[in-house]
Amino acid sequence: MVTIKDIAKKANVAISTVSYVLNGTKNVKPETKERIMNAIKELNYHPSMAARSLKSRKTLTIGIVVPDISNAFFTEIIRGIEDLFNEHAYSVILCNTDEDQAKELRYLNTLFEKDIDGLIFLGTGKNRDVFNNRKDFPVVVVDRKVVDKKAGESFSSVMIDNVHGGFEATNFLLSQNRSEVMLVIGDLSIQNSRDRLEGYKKALALHGVAYDESLVYECKVSHEAGYVFMDKLLEKPFAYRSIFAANDLLALGIMKALFQKGYRIPEDIAIVGYDNIPTSYLVVPALTTINQPKYQMGKKAGELLLKKINAESHLVEHIVLKPELVIREST
């Protein structure tokens, strides 16, 4: 049976260094860590999870709660999280809620019952109460904030500057002499949607265009929902020349409906999406969009959570990453 002593001998390091890598308890030089991981692979080492859990009082398992696993935006974030925790020999329990608040609550309670070491939360944020008695539990929120009502302070988070993203998308369309920009956006009870709306308003103000609430449409976030929404809207005369769809899935559904009605993109209508999912550059015309560094978001969230699990930080930290405009053929 292969032991960590064998791994240490193979990698020419101390046993304690192997332990640090396996448990993620201390930083180890990248080249040393690579030697250890290669030795683990070559010797086909499988640590005893039961023994490690008893020693460290950890289950070496984290939970991830995600609203829609079919959305490529979340898939890439999850990859970043998994890759980070895989380096530290952690297992991941993934829960897909389908944006159902009751299902989300059930999953959260189940994860806590399983004594996971920490949680990365990408959910609706509508089940705040379940966190209220767990302010000391390692939680990192991604893509939104969850506030602990009792503590009056939010959990650590990794966010995108969605105000900046909304501004960039709208500003670009206005700069193309397309004065009326229709906004199609997700659930405005969610902070990132409200932030994108704020960015939209800021761009309008910069260009001296009055905000018109009738140009803002709230829509469920999916390809199908975008298509149904636009198909219905096109039953009446449609005079807008530009659309900011604050999600790529929405944008792709809208494009399909426009094509079927004979509209040309971008000649008749310019469209900007948001997220830069892989499909956005495969469609014809390729979609101009706002890129979110999704994989990096996942890695950053994983790093924050690991620090909390290992009691290296008790601070509430908020990491905000900048999105970027990617100009393609739909504008």
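Residues numbered from 1 in each chain as written. Predicted model: local features only at pLDDT ≥ 70, side-chain atom pairs only at ≥ 80, totals over all residues. Heavy atoms only, no water.

Participant: A description of the overall build of the protein chain should follow, citing residues and the corresponding values.
Facilitator: Helix and strand content of the protein chain: 11 helices and 14 strands. Pairs at least 24 apart in sequence give 68% of the contacts found in the protein chain among residues at least 6 apart. In the form shown here, the protein chain has an accessible surface area of approximately 16000 Å², with 50% of it arising from carbon and sulfur atoms. (Helix = DSSP H or I, 4+ residues; strand = E, 2+ residues; numbered from the N terminus. Contact = heavy atoms within 4.5 Å. Areas by Shrake-Rupley, 256 points an atom, 1.4 Å probe, with all protein chains shown as cover.)

Participant: How would you explain the pairing of strand 4 (residues 139–142) if you had to name every residue and give the values?
Facilitator: The two faces of a sheet get side chains in turn, since along a regular strand they alternate between them. Residues Val 139 and Val 141 line one face of strand 4 and the alternating positions Val 140 and Val 142 line the opposite face, and both faces are buried. As defined by bridge partners, strand 3 (residues 118–121) adjoins strand 4 across three bridges and the pair is classed as parallel. Bridging across to strand 4, Phe 121 finds its partner in Val 141. Both strand 4 and strand 7 (residues 156–160) contribute to a ladder of three bridges, which runs parallel. (Buried < 20%, exposed > 50% of the residue type's maximum accessible area, 1.4 Å probe, protein only. Pairing = 2+ DSSP bridges.)

Participant: How would you summarise the sheet that holds strand 8 (residues 181–185) if you had to cite specific residues and measurements?
Facilitator: The strand order across the open sheet built from four strands is 9-8-10-11, with neighbouring strands paired in parallel fashion. What marks the edges here is a single partner per strand, and that holds for strand 9 (216–218) and strand 11 (270–272). This sheet shows a mean twist of 20° between the axes of neighbouring strands, independent of strand direction. Where strand 8 and strand 9 come together, three bridges link them in parallel fashion. Of the residues in strand 9, the one forming a bridge with Ile 185 is Glu 218. (Axes fitted to C-alpha atoms, helices over the stretch in contact; angles between N-to-C directions.)

Participant: Break down the packing of aromatic side chains for me, with residues and values.
Facilitator: Tallying each qualifying case throughout the model produces eight aromatic pairs. The ring of Tyr 274 carries Arg 196 above its face, with NZ or CZ at 3.8 Å from the centroid. When the ring centre of Tyr 227 is taken as origin, the NZ or CZ atom of Lys 256, which lies over that ring, is 5.2 Å away. (Phe/Tyr/Trp six-rings, centres within 6.5 Å; stacked < 30°, edge-to-face > 60°. Lys NZ or Arg CZ within 6 Å of the ring centre and 35° of its normal.)

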